[in-house]
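Each chain, written out:
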Amino acid sequence: MTIHRIKPGDFTKTPVEKTVDPDFGSEMIPKERYTSRDFMAREWDRMWTKVWLWGCASEDIAEPGDHIVTSIGKEEILLTRQPDGSARGFFNVCQHRGNRLMVGQGNAETFRCNYHHWEYKLSGEFENIPDIETFPQGAPPCGGLTQVRVEEWNGFVFFSMDPDGESFDDFIHPLKEHLGPYHFDRMVKVTDWTVEWECNWKTSVDAFNESYHVQGIHPELLYYIEDKFLQIDTYEKHNRYLIPFTTISHRVNETTEIPHLIKHAMKEAGMDPADFDGRVSEVRGALQKFKRENGASMGVDYSDLNDEQLTDDYHYMIFPNITMNTHADDLMLFRQRPHETDPDKMYFDVQMFRLLKKDEERPRKPRNERFKHGERSMGLVIDQDAANLPGVQRGMHSAAYEGLWLGDQELRIRHFHKVLMDYVGED
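Quick caveat: nothing in here was measured; it's all calculated off a predicted structure.

> Even after reading the chapter, I still don't get the nonpolar core, so can you show me in this structure?
Buried together is how nonpolar side chains tend to be arranged in soluble globular proteins. Counting 74 residues, the largest nonpolar core has Phe156, Phe159, Met161, Leu179, Trp197 and Met324 as the members making the most contacts within it. Here this core takes 6 residues from strand S18 (residues 346–355), the largest share from any one element. Contact partners of tryptophan 197, with chain neighbours within four places excluded, come to Ser204, Phe208, Asp344, Lys345, Met346, Phe348, His373, Met378, Ile382, Ala386 and Leu389. In this structure, Leu230, Ile243, Ala265 and Phe276 belong to the second largest nonpolar core, which totals 23 residues.

What follows is the structure, given as structure tokens:
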């Protein structure tokens, strides 16, 4: 199957070339990486506190004084917009008695602790310490809140807790080139969920890092995507695969009736399925042509994307914990965060973004909704994954199970573990 048909003269900035598949061997991945508290502690000390992490969307801190608190493990990070338009980040802890400083998100002129009203400027310096004359040692020599490094790119804010770590550009390479053409800064957030799942954070990463499970967990998608013959690309830290949408899997026979998911995609683009005269396998190309020819008149700019990007999912994994389902008109972003103390639990963040049309008014920003698995639906496909993962995690604890036995379709999982162990080490 030919996934990419880039013709001479086609304009594209996102690289489409296949990378050479590295040889990571075929050894089993030990289950202890998913179940051990000792390994969880090493991850924290050697990886989470060293890498760059996705913090929030830029729109979450759009105006000066806007702030949001995001958590990772035992730490909370306060991200905020400065009067000069830059973004800054701090450990969300008052220097007086260790109280958490701010909660959730909002707007403020200063950050004031609700315990004893110690107050900090937006830049982090002390603004006011009540009754400072009663402290014979004076104010803490730190001068205010402890900063984290912050970088803003393409509509998102990233942070690093390592003051001496690598630069953001080095860490994210080469994904600036890959993802820049999607212009996430032109998108608006429409969904914001945080869900407690009973599995290790890596169990969730794995589930979205391969399509081998589609035939088992998501059979209805076999009539919407190609799940087996995919291009997998691995980079120094990050990886991707390219999933053809609005087509059918090689695992099923072509139908005379256009499957309903493909019809839905056509209608969403403004294309009437009743006007289409061709085989189901030809819809994908026809839809790409329709969107290319009609995008501008419908108020969207696809000029930086290639034809395949107009239909397909360029599916990126930003190490260590971001899954990005990137599409021409929307982005589905998953963030997998570790539980504070329990390797059998995690937090699953779902943030969905939609491309704004020309002159379209920005909709009201959704509030973050927190719930536990099973308390509400997240949509059929995510619900299917969520229902499966607790059983996977429980199975990891069985005496009859030693670890992950991976095939070529799960190359991204092997690559992920290679990068993980580069940080964590084998001891």
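> For this particular structure, what's the right way to read the sheet that holds S18?
Neighbouring strands of a sheet are bound in pairs by backbone hydrogen bonds; such pairs are parallel or else antiparallel. Pairing is mixed across the open sheet formed by 8 strands, whose spatial order is S13-S14-S15-S16-S17-S18-S12-S19. Of all strands in the sheet, those bounded by a partner on one side alone are strand S13 (231–234) and strand S19 (369–372). Strand-to-strand twist of the sheet, defined as the mean angle between neighbouring strand axes without regard to direction, takes the value 15°. Pairing geometry for strand S15 (residues 313–318) and strand S16 (residues 322–326), over 5 bridges, is antiparallel. In the strand pairing of S16, tyrosine 314 is matched with threonine 326. Against the sheet, helix H9 (residues 380–396) touches strand S12 (187–197), strand S17 (330–338) and S18, its axis set at about 20° to S12. Set on the sheet, helix H10 (residues 411–424) makes contact with S13, strand S14 (239–243) and S15; between it and S14 the angle comes to about 165°.

What counts, and where the lines are drawn
- Residues numbered from 1 in each chain as written.
- Predicted model: local features only at pLDDT ≥ 70, side-chain atom pairs only at ≥ 80, totals over all residues.
- Heavy atoms only, no water.
- Core = buried A, V, L, I, M, F, W, Y, C linked by side-chain atoms within 4.5 Å.
- Buried < 20%, exposed > 50% of the residue type's maximum accessible area, 1.4 Å probe, protein only.
- Helix = DSSP H or I, 4+ residues; strand = E, 2+ residues; numbered from the N terminus.
- Contact = heavy atoms within 4.5 Å.
- Pairing = 2+ DSSP bridges.
- Axes fitted to C-alpha atoms, helices over the stretch in contact; angles between N-to-C directions.

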